[in-house]
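Read off the chains here:
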Amino acid sequence: LAGSEQVEPTLVDAYFQIALRDAEVGMVDEIKTALQKASDPQRRTTLLTALGLFGKAEAQQKAMDLMLDPAVTASDLRTLLRANSIEEVRRKRLQGWIFANFAALRGKIPPPFLAAVVGNLSGARDRKSLSELQEFFARQPDPDGVLKREMEKLSDRVEGRIAERERGQASFEKALGP
C-alpha cells in the first residue's frame, strides 16, 4: 500500500493487485484505511479496484460488504462492482452478495446506477444463471423501469453468447466429421 523502492514505480500497483489474490481478510481493513485517506482520484480508483480483486472468498465477502459502508460513495460502487465481477467464481459470489443485500444497496444508490448493478452481472454464461437473475430482478420494485431495461439487455447478451458457443461447437463437431 505504501509502495516499494524494490519495485519499478510503474509496476507497484500491478504487483499489489496480483498479491491480493492470496491476501488475507485483514488486508481489506488496510485498503479501507488507505481509501479513506486517499485524496488523489487515481489512487482512490486503484484502491477501489483492489477491493474487488481478492481471491479468497472470506476477503472478497468483507470487501463486498464495504459497498454498504459510508466510506464508499455511490459512484465508487461502479468500480467495486466491476472489479468483483471479473472472473466467474467472483461474479457468482457477487451475485449472491447482491441477492442478499439488494435492498440496502438500492437504498444507497440513485436509480440510474441500478443499471450498473445488473450490468456487472453480465458475465453470466448459461441459461440457469440468466434465469436466476431474471427471477430475482423481476421480484424487485422497478418504478423507473431501469431493472427491466437492463435485464432485457443482459438477456440479449447472454443469449447471444450462448448462441455463439453453440454455433462454434456445431462447427467444431462438423469439422471433426463422423
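My aim in this report is to walk through the structure given alongside it, one point at a time.

Calculation criteria
- Residues numbered from 1 in each chain as written.
- Predicted model: local features only at pLDDT ≥ 70, side-chain atom pairs only at ≥ 80, totals over all residues.
- Heavy atoms only, no water.
- Helix = DSSP H or I, 4+ residues; strand = E, 2+ residues; numbered from the N terminus.
- Buried < 20%, exposed > 50% of the residue type's maximum accessible area, 1.4 Å probe, protein only.
- Contact = heavy atoms within 4.5 Å.
- Phe/Tyr/Trp six-rings, centres within 6.5 Å; stacked < 30°, edge-to-face > 60°.
- Axes fitted to C-alpha atoms, helices over the stretch in contact; angles between N-to-C directions.
- Parallel < 35°, antiparallel > 145°, perpendicular 65-115°, else oblique.
- Salt bridge = Lys/Arg side-chain N within 4 Å of Asp/Glu carboxyl O.
- Left-handed = near helix turned anticlockwise from the far one by under 90°.
- Nonpolar A, V, L, I, M, F, W, Y, C, P; charged D, E, K, R; others polar.
- Core = buried A, V, L, I, M, F, W, Y, C linked by side-chain atoms within 4.5 Å.

## Quick look at the overall build of the protein chain
Piece 1. Scanning the protein chain from N- to C-terminus turns up nine helices and zero strands.
Piece 2. Order of helices (α) and strands (β) in the protein chain, N terminus to C terminus: α-α-α-α-α-α-α-α-α.
Piece 3. Dimensions of the protein chain, computed from the C-alpha atoms along their principal axes, are close to 60 × 50 × 25 Å.
Piece 4. The 178 residues of the protein chain split such that 40% are buried.
Piece 5. Within the protein chain, counting contacts between residues at least 6 apart in sequence, those at least 24 apart form 72% of the total.

## Topic: the packing of aromatic side chains
Piece 1. Under the criterion given, the structure shown has four aromatic pairs.
Piece 2. Residues F102 and F136 carry aromatic rings whose centres are separated by 5.6 Å and whose planes lie at 85° to one another, so their mutual orientation is edge-to-face. Residue F102 is located in helix α6 (residues 88-108), and its partner F136 is located in helix α8 (residues 127-138); the two are separated by 34 residues in the primary sequence.
Piece 3. The class for F102 is buried, based on a relative accessible area of 2%.

## Points about the environment of L20
Piece 1. Tracing the backbone through its elements, the reader meets L20 in the loop between α1 (12-19) and α2 (26-37).
Piece 2. On the basis of relative accessible area, L20 is assigned to the buried category, the value being 1%.
Piece 3. Once the C-alpha coordinates of L20 and R43 are considered, the two residues, 23 residues apart in sequence, prove to be 16 Å apart.
Piece 4. Aside from chain neighbours lying at most four places away, what touches L20 is M27, I31, A50, L53, F54 and G55.

## What about the packing of α8 against helix α9 (residues 146-176)?
Piece 1. The N-to-C vectors of α8 and α9 enclose an angle of 170°; their axes lie 10 Å apart at closest approach. Between α8 and α9, the crossing angle belongs to the class labelled roughly antiparallel. From α8, R127, L130, L133, Q134 and F137 reach across to α9, where they touch L147, M151, L154, S155, V158, E159, I162 and E166.

## Brief notes about the pattern of salt bridges
Piece 1. Applying the stated criterion across every chain yields a total of 13 salt bridges.
Piece 2. Residue R90 pairs with E87 through a salt bridge whose shortest N-O separation is 3.2 Å.
Piece 3. Note that K92 and E88 form a salt bridge whose closest N and O atoms lie 3.8 Å from each other. Residue K92 and its partner E88 are located together in helix α6, separated by four residues, close to a single helical turn.
Piece 4. According to the relative accessible area criterion, K92 is partly exposed, its value standing at 42%.

## With respect to the packing of α1 against helix α3 (residues 41-51)
Piece 1. Packing of α1 against α3 brings their axes to within 10 Å, and their N-to-C directions diverge by 20°. Between α1 and α3, the angle is such that the two are roughly parallel. For the element pair α1 and α3, the recorded crossing hand is right-handed. Between α1 and α3, the residues in contact are D13, F16 and Q17 and R43, T46, T49 and A50, respectively.
Piece 2. Per-class residue counts for the contact of α1 with α3 are two nonpolar, three polar and two charged.

## Overview of the environment of G123
Piece 1. Within the secondary structure, G123 sits in the loop between α7 (114-119) and α8.
Piece 2. Between the alpha carbons of G123 and E135 there is a distance of 17 Å; along the sequence they are twelve residues apart.
Piece 3. In contact with G123, other than residues within four places in its own chain, are E88, R91 and R161.

## With respect to the nonpolar core
Piece 1. Among the nonpolar cores identified, the biggest contains 46 residues, and L51, F54, M67, I98 and F137 are the most heavily contacted of them.
Piece 2. Listing elements by their share of this core, those giving two or more residues are α2, α3, α4 (57-65), α5 (74-84), α6, α7, α8 and α9.
Piece 3. Among the elements that take part in this core, α9 stands out by supplying six residues, more than any other.
Piece 4. Leaving out residues up to four positions away in the same chain, F137 has contacts with I98, F102, V117, V118, L121, L147 and M151.

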